[in-house]
Amino acid sequence: MTDSTPELDIRWPIGLLFAAIGALLAVYGALNPTEAQRHGLNLNLDWGAVMFLFGAGLVWGAWRAGRKQP
Amino acid sequence: MEAPGNSRAARAEKALTMKLHLIDYAVIALYCTFVLSVGAALKKHMRTSVDFFLSGRRIPAWVTGLAFISANLGALEVMGMAASGAKYGMLTSHFYWVGAIPAMIFVGLFMMPFYYGSRARSVPEYLRLRFDEKTRAFNAFTFAVMTVLASGINMYAMAIVFRLMLGWSIHTTILLSAAVVLAYTVLGGLTSSIYNEVLQFFLIVLGILPMAVLGMMDAGGWPGLAARLPPGFTRTWSTLGSATENPMGVEWFGIVMGLGFVLSFGYWCTDFLVVQRAMAARDMTAAQKTPLIAALPKMFIPFIVIVPGMVAWAILPRELFMVDGQVQHNLALPLMLAHYYPPGMLGVGITALLASFMSGMAGNVTAFNTVWTYDIYQSYIRRDAPDRHYLMMGRIATVAGVLISVGAAYLALQFSNIMDYLQLIFSFVNAPLLATFLLGMFSKRTTPNGAFWGLTSGTAAAALHFHAVRRELVHYSSDMAANFYGAIYAWAVCFVLTLLISFFTQPRAEAELVGLVYSLTEKPSYKRLPWLNRPATLALLVAVLTILLNWIYR
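Residues numbered from 1 in each chain as written. Chains lettered and ligands numbered in written order. Predicted model: local features only at pLDDT ≥ 70, side-chain atom pairs only at ≥ 80, totals over all residues.

Observations regarding the overall build of chain A
Threshold: Runs of H or I in DSSP of at least four residues are treated as helices and runs of E of at least two as strands, each being numbered from the N terminus. Exposure in this text rests on C-beta crowding, where 20 or more other C-beta atoms within 10 Å of a residue's own make it buried, 12 or fewer make it exposed, and counts in between make it partly exposed. The C-beta atoms are placed from the backbone. Any pair of residues counts as being in contact when their C-beta atoms, constructed from backbone geometry, are within 7 Å of one another.
Summing up its helical and strand segments, chain A has two helices and two strands in all. Secondary structure elements in chain A, listed N-terminal to C-terminal, are α-β-β-α. Taken across its 70 residues, chain A has 39% of its residues classed as buried. Long-range pairs, those at least 24 residues apart, make up 69% of the contacts in chain A between residues at least 6 apart in sequence.

Right under this line is the structure:
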């Protein structure tokens with residue numbers, strides 16, 4: 001049993017979307033460091049990085065699953 | 001000089017109104033682009049009606065599981081639960097730990113073998129297989145009407161919320177969201193809807209979690225939060241001894257029987273909107289695991305939606321909740337978004353709400369197009385057409401469903417009170433249906449006539465009780481208590497009448513009920529699977545965790 005449907009592995013669109021949003025947020029947060037300070041955190045930069053890693057993880061999983069399929 | 005009242009109102013409005021920046025619009029645009037792209041990518045795979053209406057029955061369990069929970073995690077639920085958190089505190093978690101998880105375990109272990117095993121394509125179709133045409137017709141028509149109206153209410157609520165928060169025009173919000181939902185559901189059918197529900201789940205979690213964590217830090221952790229709130233606000237069971245001891249005005253019996261049994265089992269076990277997600281699973285094991293996998297994140301959702309509401313009530317000035325001199329708990333989540341999120345993260349939070357609203361609409365529309373095409377059009381209008389005709393009809397029904405939803409949204413704008421009533425009625429329509437299903441699935445003696453007259457009488461009893469409460473002929477300590485007891489009465493009327501009428505009428509032959517009734521159906525065996533992968537093991541894990549959560553926050 002694989003984790004994907006035959007037509008489109010759902011991890012592709014979700015992973016790409018979160019990677020894109022995460023990257024956008026992280027870059028914006030890095031360029032505007034004072035705008036998003038909460039409890040010593042740069043919310044856009046830090047949470048953007050988390051979202052990017054989450055998205056990248058999904059894309060990596062989908063890519064690996066795609067390679068395994070005949 | 002400005003009057004103090006006006007000044008407070010202006011401050012509240014300022015705290016709530018959010019100005020979106022370019023970065024926020026960029027996040028929203030990215031989301032819309034991806035949603036439409038998914039629909040376009042799936043279009044070429046929609047070759048048969050089963051592809052379109054049931055995703056070809058080939059979706060893995062973790063995807064159908066997340067869609068199962070997301071179909072119920074619309075923005076109305078997220079905002080409503082945050083509001084309840086602000087108003088009632090942790091008592092609200094009963095809607096999850098009592099009012100959802102036990103029913104999800106039950107439907108996964110005991111009902112899914114009949115839904116999936118019978119190869120019925122919808123809940124009304126199961127009713128036809130088990131009973132007869134008239135019971136299916138009653139359920140199909142009421143469900144079809146309910147879903148498009150619910151979709152319209154969802155759209156109306158979205159337009160109101162976005163006007164309040166962002167100043168967006170109501171017409172633009174309704175028409176644009178309808179256009180996006182229409183595009184991706186017409187293209188990709190149920191698969192498109194399910195994919196977007198999974199996407200929405202992650203958006204809600206990742207979009208709201210930082211706010212919940214920051215809020216808890218500001219409140220001083222759980223002990224700090226408890227100290228800032230009224231006594232008992234962080235407890236779930238200790239104030240349920242009597243209806244007068246808690247702000248919900250309900251005692252433990254109402255919670256357990258009304259919410260935990262009738263309303264909860266009625267919704268999770270019989271509502272086609274959620275059951276359809278499990279029917280799209282790739283095999284019986286995946287179908288049974290769908291609600292069980294959904295239950296795992298579901299039990300932790302209170303910490304993302306209810307706790308921020310409690311935090312809002314604990315740390316934000318009370319005047320921010322005042323509108324026209326009245327406390328509006330519904331503002332809890334928007335106020336928290338405005339308080340904690342800078343440009344950028346605000347775009348993510350708004351996109352999460354937008355995604356929830358839109359996937360709520362899409363879920364209703366995909367359930368509507370299936371019931372319309374299979375249970376109404378194919379049954380009563382054109383029976384023996386080629387499959388491609390029903391695929392085309394599904395797309396036409398999708399367009400019609402969205403257009404009727406837009407009409408319902410505008411109706412709600414004109415008559416918002418009517419929509420309040422309708423929403424309340426929806427909440428107990430499933431209650432009598434639960435009795436029909438329990439007796440139908442677990443007793444071969446239940447007859448078609450017993451089921452039909454029991455169901456119609458139970459629905460009538462629900463409506464009568466509702467009007468008796470509205471006309472103040474019956475009194476309860478709160479609307480919530482009235483809702484719980486209305487559901488209990490509707491269920492009891494349906495249960496008793498179905499039993500009685502079945503006793504005097506002719507049951508169907510046993511040979512016709514194989515695969516539809518518990519005692520006549522071979523149970524699925526999972527001996528071939530490692531015990532960790534079996535649905536029963538997953539159900540046990542879910543049950544133990546739920547009991548633990550109830551115990552910890554008792």
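Read on for the rest.
Here's the deal with the overall build of chain B
For clarity, the threshold we go by: C-alpha atoms define the radius of gyration in this analysis, and the globule rule sets the expected value at 2.2 Å times the number of residues to the power 0.38.
On a plain count of helices and strands, chain B comes out with 22 helices and two strands. For 554 residues, the compact-globule formula gives about 24 Å, and the C-alpha radius of gyration of chain B, at 23 Å, lands near that figure. Partitioning the intrachain contacts of chain B with sequence separation of at least 6 by distance along the chain shows that 86% fall at a separation of at least 24.

Looking at unusual backbone geometry
Residues and elements named next belong to chain B. You will see that R119, though not glycine, has its phi angle at about 60°, which is positive. When you line up the elements, R119 lands in the loop between α7 (101-117) and α8 (123-130). Judged by local crowding, R119 falls into the exposed class, with 12 C-beta atoms found within 10 Å. Positioned with a positive phi, E472 is a non-glycine residue whose angle comes to about 60°. For E472, the location among the structural elements is in the loop between α20 (448-470) and α21 (479-504).

Looking at the packing of helix α1 (residues 11-31) of chain A against helix α2 (residues 22-43) of chain B
Convention followed: For helices, the axis comes from a line fit to the C-alpha atoms of the stretch in contact; other axes are also lines fit to C-alpha atoms, and the angle between any two N-to-C directions lies between 0 and 180 degrees. Our angle categories are set so that under 35 degrees counts as roughly parallel, over 145 as roughly antiparallel, 65 to 115 as roughly perpendicular, and the remainder as oblique. Should the near helix be turned anticlockwise from the far one by less than a right angle, the crossing is termed left-handed; should it be turned clockwise, right-handed.
At a minimum axis distance of 10 Å, the contact between α1 of chain A and α2 of chain B shows a crossing angle of 170°. With respect to each other, α1 of chain A and α2 of chain B are oriented roughly antiparallel. In this structure, α1 of chain A crosses over α2 of chain B, and the sense of that crossing is right-handed. Between α1 of chain A, through P13, L17, A20, I21, L24 and Y28 of chain A, and α2 of chain B, the contact on the second element is made entirely by I23, A26, V27, L30, Y31, F34, S37 and V38 of chain B.

Examining the interface of chain A and chain B
Quite often, the size of an interface is put as the accessible area lost when its parts meet. Which entries qualify depends on this criterion: When residue character is reported, Ala, Val, Leu, Ile, Met, Phe, Trp, Tyr, Cys and Pro are called nonpolar, Asp, Glu, Lys and Arg charged, and the others, Gly included, polar.
Taken together, the contact between chain A and chain B spans 25 residues of the former and 30 residues of the latter. Among the secondary structure elements, those contributing two or more residues to the side of chain A that touches chain B are α1 and α2 (43-68) of chain A. Counting residues per element, the side of chain A that touches chain B draws most heavily on α1 of chain A, which supplies ten residues. Considering only residue class, the side of chain A that touches chain B consists of 17 nonpolar, four polar and four charged.

Notes on the packing of helix α14 (residues 284-298) of chain B against helix α22 (residues 535-552) of chain B
Residues and elements named next belong to chain B. It is the contact of α14 with α22, at a shortest axis distance of 10 Å, that shows an interaxial angle of 15°. The angle between α14 and α22 falls in the class roughly parallel. Crossing hand, α14 versus α22: left-handed. Packed against α14, whose contacting residues are T285, Q288, K289, L292, A295 and L296, the element α22 presents P535, L538, A539 and V542 at the interface. Considering only residue class, the contact of α14 with α22 consists of seven nonpolar, two polar and one charged.

Examining the nonpolar core
Note on soluble globular proteins: their nonpolar side chains tend to be buried together. Operational definition: Under the definition applied here, buried Ala, Val, Leu, Ile, Met, Phe, Trp, Tyr and Cys residues are grouped into a nonpolar core through C-beta atoms within 7 Å.
Of all hydrophobic cores here, the largest spans 218 residues; its most connected members are A82, M104, Y115, V181, V198, A332 and L434 of chain B. If one sorts the elements of this core by residue count, helix α10 (residues 170-219) of chain B sits on top with 23 residues.

Digging into the environment of L438 of chain B
Residue and element names in this part refer to chain B. Along the chain, L438 turns up in helix α19 (residues 416-442). The class of L438 is buried, set by 21 C-beta atoms lying within 10 Å. Counting along the chain gives 57 residues from L438 to F495, while the straight-line C-alpha distance between them is 8.8 Å.

Quick notes on the environment of L455 of chain B
Residue and element names in this part refer to chain B. With respect to the helices and strands, L455 occurs in helix α20. Taking the C-alpha atoms as reference points, L455 and N430, 25 residues apart in sequence, are found 9.8 Å from one another. The contacts of L455, once residues within four sequence positions are left out, are T135, F138, P432, L433, T436 and C494.

What to know about helix α15 (residues 302-315) of chain B
Cut-off, in case you're wondering: To estimate how far a helix should reach, multiply one less than its number of residues by 1.5 Å.
Spanning 14 residues, α15 of chain B covers 19 Å between terminal C-alpha atoms, matching the ideal 20 Å at 1.5 Å per step. Those residues of α15 of chain B that are buried lie in contact with α5 (75-88), α6 (94-97), α10, α11 (221-228) and α16 (332-340) of chain B.

Observations regarding the confidence of the model for chain A
The line we're drawing: Each residue carries a pLDDT score, the predictor's own confidence in it, on a scale running from 0 to 100.
With 84% of its residues at a pLDDT of at least 70, chain A reaches an overall mean of 85. Within chain A, the element-level pLDDT minimum falls on strand β1 (residues 37-38) of chain A, averaging 72, and the maximum on α1 of chain A, averaging 94.

Quick word on the confidence of the model for chain B
Residues and elements named next belong to chain B. The predicted model of chain B averages 88 in pLDDT, with 95% of residues at 70 or higher. Between the elements of chain B, mean pLDDT differs from a low of 55, seen in helix α1 (residues 4-16), to a high of 95, seen in α22. Here residues 1-5 scores under 50 on pLDDT; set against residues more than four positions off or in separate chains, the count is one contact. With pTM at 0.88, the complex prediction returns an ipTM value of 0.91.

Overview of α22 of chain B
All names here are of chain B. Stated precisely, the cut-off is as follows: Read the arc as the range of directions from the helix axis to the C-beta atoms.
Taking 1.5 Å as the rise per residue, α22 with 18 residues should run 26 Å; its terminal C-alpha atoms sit 26 Å apart, in good agreement. Buried within α22 we find P535, L538, A539, V542 and T546. Buried residues of α22, seen end-on, are gathered within an arc of 100° and therefore sit on one face of the element. Among the exposed residues of α22, those oriented more than 90 degrees off its buried face are V544, I547, L548, W551 and I552.

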